[in-house]
Amino acid sequence: MLDIKFIRDNVEGVRKAITDKGVDLDLDSLLDIDTKRRGLLAEVEDLQATKNSFSKEIPTLADVDKQAKLLEMKELDSRQTELKDSLRTIEEEYNKLMLFVPNIPSPESPIGKDDSGNVPWSYWSPELGHVDPKETDKVAGVPTKLAFEPKDHIALATDLDLVDFERGTEVSGFRGYFLKNEAVLIQYGLFAYAIKKLQAKGFTVMQTPTLVRERALIGSGHFPAGRAEVYQVANAAGMAETENGVEKEKQYLAGTSEPSLIAYYADKILEAHQLPIQVCGISPCYRSEVGSYGKDAKGLYRVKEFMKVEQVIICKADVNEGDKWLEALREISEEILQDLKLPYRVLNICTGDMGAGKYKMYDIETWMPGRGSFGETHSDSNLTDWQARRLNIRYRDADGTIKHAYTLNNTAVASPRILIPILENYQQADGSVKVPEILVPYVGTDVIKKK
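Being a predicted model, the structure only gives us computed values, none of them experimental.

The subject of this paragraph is the sheet that holds strand 10 (residues 251–253). Strand pairing in a sheet relies on backbone hydrogen bonds, with the paired strands running either antiparallel or parallel. The sheet built from three strands is open, its strands ordered 6-10-7 with antiparallel pairing. With one partner strand each, in any of the chains shown, strand 6 (211–213) and strand 7 (231–232) form the two edges of the open sheet. Pairing between strand 6 and strand 10: three bridges, direction antiparallel. In the sheet register, valine 212 faces strand 10, and the bridge partner there is tyrosine 252.

Put into structure tokens, the structure is as follows:
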């Protein structure tokens, strides 16, 4: 959410952000409603001032004059009630529209309408290290070169009894799966490894709630635009839960621990010395994937439930400070992939692919031989004060000024998707899969062979 005064003072900049991000919002309608809202507020305040004046005056009047003034006061009460009803209706519409106003993207973010506008920022491979995208010859050498026809992760996981897709679909439905054997050990080894790394970098680890209230999802920006992607919890009869005939507060299954981690600080006024706050959450995640039918329908790339370690930063309201943390979070994700010795590239995400609340965003895509392309495994975002305003997260600066904080988030590791590049890049000609060196202690073997 942007500050309404900022919107009024920067109409063309906000209008451009709406266009560049492809947001469905009529800014002129919002501004018109804001004008009406302010007019009604002024009328209500004027009436209240008049009533206050009357209240002081009435005790000093003679009885006849007092009765006349009381009648006048009654008329003012009636008019004020009408105005408050109108104001309530206007404010409901105003608050709805304000939730759709996008953050203005950074000057470094490419302008584009979808993921085709994303720009490679860097490449990395175990053999070449970091590669500049302009060095096209070297870029071509980044993907893993196998001396045999590679299998995709579905064939590898099935042959090695690591994933059961068939029974997963029978039990859970479309995109269901069972992780088995070494795949489970790899997943939890990755989580343990990532958490240990993050603790060493100053992050507080949290096991976050999967069930969240609506406000947490509004605050993170997953609502209202992404509502179709989120599961609402109902009782066994498929109905919303009720208590004494009244519907209980709605609850939802979070698609990441980001809403929980950020909402943990809702309505707080932090002290400047407490910042930055560095937290990471581990949790199950649920996404309906309603907009992805027919896309990545097979395998582990796009599933409805998964596990994830997510990072969140809350820092001072300073552009340079936010940029510093965005780069620091990116470097952590890169470190994890480098420790796994997996080739990857970093993309500077364009306006049409970054989401309404993002100021600047990177995706990291890891090489997946079975796809013959890079696939997204990590996402790193700076949202400035867009989320903090929605959740009322503030801090007291050194001079006593109260400001809304900046928030950032980043994927440390998400599974089972990360299993795809691990299985495909570490496969061997005989159909076995080597275990990345850093995960051997968790898996108990250095090679996964056919059972």
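This brings us to the pattern of salt bridges. Any two side chains of opposite charge can pair, on the condition that their charged atoms come close. A full pass over the atoms with the stated rule returns 35 salt bridges. With a shortest N-O distance of 3.0 Å, lysine 5 and aspartate 9 are connected by a salt bridge. On the criterion of helical spacing, the pair formed by lysine 5 and aspartate 9 is a turn pair, its members being four residues apart in helix 1 (residues 4–9). The partner of glutamate 321 in a salt bridge is lysine 324, with the nearest N and O atoms 3.9 Å apart. One end of the pair is glutamate 321 and the other is lysine 324, both in helix 11 (residues 319–339) and three residues apart, which spans about a single turn. What emerges from the salt-bridge pattern is a single network uniting Arg8, Asp34, Arg37 and Arg38.

Bringing the packing of helix 8 (residues 181–200) against helix 11 into the picture now. Remark: helix 8 packs on helix 11, axes separated minimally by 11 Å, with the N-to-C direction vectors making an angle of 135°. As the angle between them shows, helix 8 and helix 11 are arranged oblique. Note on packing geometry: the crossing formed by helix 8 with helix 11 is right-handed. Across the interface between the two elements, Tyr193, Ala194, Lys197 and Leu198 from helix 8 touch Ile332, Glu335, Ile336 and Asp339 from helix 11.

So, on to the environment of histidine 404. Structurally, the position occupied by histidine 404 is in strand 18 (residues 402–404). Residues histidine 404 and asparagine 392, spaced twelve residues apart in sequence, show a C-alpha to C-alpha distance of 7.1 Å. Beyond its immediate sequence surroundings of up to four residues, histidine 404 is in contact with Ala317, Asp385, Ala388, Arg389, Asn392, Ile393, Arg394 and Tyr395.

The next subject is the sheet that holds strand 11 (residues 269–271). The strand order 11-17-18 describes an open sheet built from three strands, whose pairing is mixed. Taken across any chain shown, the strands that pair with only one partner, and hence form the sheet edges, are strand 11 and strand 18. Taken pair by pair, the neighbouring strands of this sheet meet at an average axis angle of 35°, ignoring direction. Of the pairings in the sheet, the one linking strand 17 (residues 394–396) to strand 18 comprises three bridges and is antiparallel in character. Bridging across to strand 18, tyrosine 395 finds its partner in lysine 403.

Along the chain, asparagine 410 turns up in strand 19 (residues 406–415). In terms of polar contacts, asparagine 410 uses its side chain to reach the backbone carbonyl oxygen of leucine 329, at 3.2 Å. Polar side-chain contacts of asparagine 410 include one of 2.9 Å to the side chain of serine 333. Contact partners of asparagine 410, with chain neighbours within four places excluded, come to Val309, Glu310, Gln311, Leu329, Ser333, Ser379 and Asp380.

In this fold, aspartate 380 is placed in strand 16 (residues 373–382). Under the relative-accessibility criterion, aspartate 380 is labelled buried at 2%. A sequence separation of 373 residues divides aspartate 380 from isoleucine 7, and the C-alpha atoms of the two residues are 26 Å apart. Sequence-distant contacts of aspartate 380, that is, excluding residues within four places in its chain, are made with Leu326, Leu329, Arg330, Lys360, Met361, Tyr362, Asn409 and Asn410.

A few words now on the environment of lysine 51. With respect to the element layout, lysine 51 can be found in helix 3 (residues 27–57). Taking the relative accessible area as the measure of exposure, lysine 51 reaches 13% and is therefore buried. A sequence separation of 23 residues divides lysine 51 from lysine 74, and the C-alpha atoms of the two residues are 9.6 Å apart. Apart from residues lying up to four places away in sequence, lysine 51 is in contact with Met73, Leu76, Asp77 and Gln80. Separated by 2.6 Å, the side chains of lysine 51 and aspartate 77 make a polar contact.

Among the ten residues that make up strand 12 (residues 277–286), eight are buried, leaving the element largely enclosed by the rest of the structure. Bridging between strand 5 (residues 204–207) and strand 12 involves four bridges; their strand directions are parallel. Bridging across to strand 12, glutamine 207 finds its partner in isoleucine 282. The sheet contact formed by strand 12 and strand 13 (residues 305–315) spans ten bridges and is antiparallel.

This brings us to the packing of aromatic side chains. One pair of aromatic rings is described through two measures. These are the centre distance and the angle between the planes. Tallying each qualifying case throughout the model produces seven aromatic pairs. Both rings, one in phenylalanine 223 and one in tyrosine 252, keep their centres 5.0 Å apart while their planes meet at 85°; by these two values the pair is edge-to-face. Of the two residues, phenylalanine 223 sits in the loop between helix 9 (214–220) and strand 7 while tyrosine 252 sits in strand 10, which places them 29 residues apart along the sequence. Classification of phenylalanine 223 by relative accessible area gives buried; the value is 0%. Judged by relative accessible area, which is 2%, tyrosine 252 ranks as buried. Ring geometry for tryptophan 367 against phenylalanine 374: centres 5.1 Å apart, planes inclined by 70°, an arrangement best described as edge-to-face. Chaining the aromatic ring pairs together yields one cluster made of Tyr123, Trp367 and Phe374. For arginine 227, the ring lying beneath its charged end belongs to phenylalanine 223, and the centroid distance is 4.1 Å.

Once that is clear, we can look at the nonpolar core. Membership of the largest hydrophobic core comes to 57 residues, with the highest contact counts inside it found for Leu162, Val163, Tyr177, Ile186, Leu190, Val309 and Leu439. Top contributing element to this core by residue count: helix 8, with eight residues. Leave out the neighbours within four places in its chain, and valine 309 touches Phe191, Ile195, Leu198, Gly281, Ile282, Asn410, Thr411, Ala412 and Val413.

About the cut-offs
- Along each chain, numbering runs from 1 in the same order as the chain's sequence is written.
- Side-chain atom pairs in this predicted model are given and counted only at pLDDT of 80 or more, local residue features only at pLDDT of at least 70, and totals for whole chains, interfaces and linings cover all residues.
- Neither water nor hydrogens contribute to the side-chain values; these are computed over all heavy atoms in the structure.
- When DSSP finds two or more bridges between a pair of strands, those strands are recorded as paired.
- Helix numbers and strand numbers start at the N terminus; a helix is a DSSP run of H or I with at least 4 residues, a strand a run of E with at least 2.
- Between Lys or Arg on one side and Asp or Glu on the other, a salt bridge is scored when a side-chain nitrogen of the former is within 4 Å of a carboxyl oxygen of the latter.
- Angles shown run from 0 to 180 degrees and are taken between the N-to-C directions of axes, each axis being a line fitted to C-alpha atoms and, for helices, limited to the stretch in contact.
- Angle categories: roughly parallel below 35 degrees, roughly antiparallel above 145, roughly perpendicular from 65 to 115, and oblique for all the rest.
- It is the rotation of the near helix from the far one that decides the hand of a crossing: anticlockwise by less than a right angle makes it left-handed, clockwise makes it right-handed.
- Any two residues whose heavy atoms approach within 4.5 Å are treated as being in contact.
- By the criterion applied in these results, polar contacts are pairs of N or O atoms within 3.5 Å in which, for protein atoms, one can donate a hydrogen and the other can accept it, and in which residues neighboring in sequence qualify only through two side-chain atoms.
- Only protein chains enter the calculation, and the probe is 1.4 Å; a residue is then buried if its accessible area is under 20% of its type maximum, exposed if over 50%, and partly exposed in between.
- Only the six-membered ring of Trp is used, alongside the rings of Phe and Tyr, when aromatic pairs are assigned; centres must lie within 6.5 Å, and planes under 30 degrees apart are stacked while those over 60 apart are edge-to-face, with the rest tilted.
- Note on criteria: charge over ring means Lys NZ or Arg CZ within 6 Å of the ring centre, with the direction from the centre no more than 35 degrees off the ring normal.
- Throughout, nonpolar core names a set of buried Ala, Val, Leu, Ile, Met, Phe, Trp, Tyr and Cys residues whose side chains join them through atoms within 4.5 Å.

Geometric values such as these leave the question of function open.
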